[in-house]
Amino acid sequence: LSRVRGAPRALRGLAAGPGMHFGFQSVTEEERREKIYQVFESVAKKYDVMNDSMTLGIHRVWKDILVHKMNPCPGTLLLDVAGGTGDIAFRFINYVRSIRERQLQRKLKQHQNLSWQEIFENYQEDRFNSLGDSQVVVCDINREMLKVGKQKAQHLGYSEGLSWVLGNAEELPFDDDKFDVYTIAFGIRNVTRIDLALQEAYRVLKPGGRFLCLEFSHVSNPLLSRLYDLYSFQVIPVLGEVIAGDWKSYQYLVESIRQFPPQEELKAMIEDAGFFKVDYENLNFGIVAIHSGFKL
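Definitions and limits used
Residues numbered from 1 in each chain as written. Predicted model: local features only at pLDDT ≥ 70, side-chain atom pairs only at ≥ 80, totals over all residues. Heavy atoms only, no water. Phe/Tyr/Trp six-rings, centres within 6.5 Å; stacked < 30°, edge-to-face > 60°. Helix = DSSP H or I, 4+ residues; strand = E, 2+ residues; numbered from the N terminus. Buried < 20%, exposed > 50% of the residue type's maximum accessible area, 1.4 Å probe, protein only. Lys NZ or Arg CZ within 6 Å of the ring centre and 35° of its normal. Core = buried A, V, L, I, M, F, W, Y, C linked by side-chain atoms within 4.5 Å. Contact = heavy atoms within 4.5 Å.

Visitor: Mind laying out the packing of aromatic side chains, listing which residues take part and the relevant values?
Guide: Inspection of the entire model under this criterion finds nine aromatic pairs. Ring geometry for tryptophan 62 against phenylalanine 216: centres 6.1 Å apart, planes inclined by 90 degrees, an arrangement best described as edge-to-face. Placement of the pair is tryptophan 62 in helix α4 (residues 58-70) and phenylalanine 216 in strand β7 (residues 205-216), with a sequence separation of 154 residues. Owing to a relative accessible area of 12%, phenylalanine 216 belongs among the buried residues under this scheme. Put simply, the rings of Tyr182, Tyr202, Phe211 and Phe275 pair up and form one aromatic cluster. Directly above the ring of phenylalanine 179 sits lysine 178, whose terminal nitrogen or CZ lies 5.8 Å from the centroid. Note that arginine 258 overlies the ring of tyrosine 228, its terminal NZ or CZ placed 4.7 Å from the centroid.

Visitor: Kindly report on the nonpolar core, identifying the contributing residues and their values.
Guide: If you look at the biggest cluster of nonpolar residues, it comprises 34 residues, and the most contacted ones within it are Trp62, Val136, Leu162, Leu214, Phe216 and Val288. Mapped onto this core, the elements with two or more residues apiece are α4, α5 (87-109), β4 (135-140), α7 (143-156), β5 (162-166), β6 (179-185), β7 and β9 (288-294). Top contributing element to this core by residue count: α5, with eight residues. If we skip the residues at most four places from it in the chain, leucine 214 touches Trp62, Lys63, Leu66, Ile184, Ala185, Phe186, Val288, Ala289 and Ile290. Within the second largest apolar cluster, 29 residues are counted, among which are Cys139, Tyr182, Ile184 and Ala197.

Purely geometric stuff here, so don't read any function into it on its own.
The following block contains the structure:
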């Protein structure tokens, strides 16, 4: 019943046809898809620098909070969608490695009577499986973003348990019931059909799997909202021009945040896709929010 009741709300402004938005422009679905692809192709190489500049580095804290909220254990299979630059994937790997290291230390402390040789062999064996069979698959529609992510992974030394897949969030190239966790960080507002992306997230998750979305949202405090608007529209496009030589792409990114559904509306859309126990946590007064849901 909730799906039927929620369908018009979930599709409002998101269906195919001329009523779609690209920032504040009205475009067709195909035009929006093409324009968004061009935006991220344009900004890929300066994406990390611009994220630091636009958010004063706070995006790093938001992503840390997302992974801590996920709290992945060794053996977790994660799908990170629209995560081409690898920020969530690398944090996931670091988090699981730290858990494995603590487990190994506890294990060795419990075997005080082992010889030095046995301790060394145990440590070496576990060290070579530092993720405990955990894996993260990064899926992004944009080749340039994936290229940047792969270069970062190589530079930072990430290879174990990490794979990269070119794919569309609205039509994921994965089997049903495959992943333990699905994350999408600062990506869902750039998906052409959010309803389809949510349905795909539900499809590829295992029963009991978790959906986590980190996205810019709506600030409830009127004074803070006005200051945030002033910064967004007057400062961010200028930063885009100065740092990336690209005013228009960052103007779109600001406008896309204003067009994105507020917290309660996105929560309802996630429920309409079939998820249970859906809730959200506002960070920095709602500048961003983390939405969470489970496939039961």
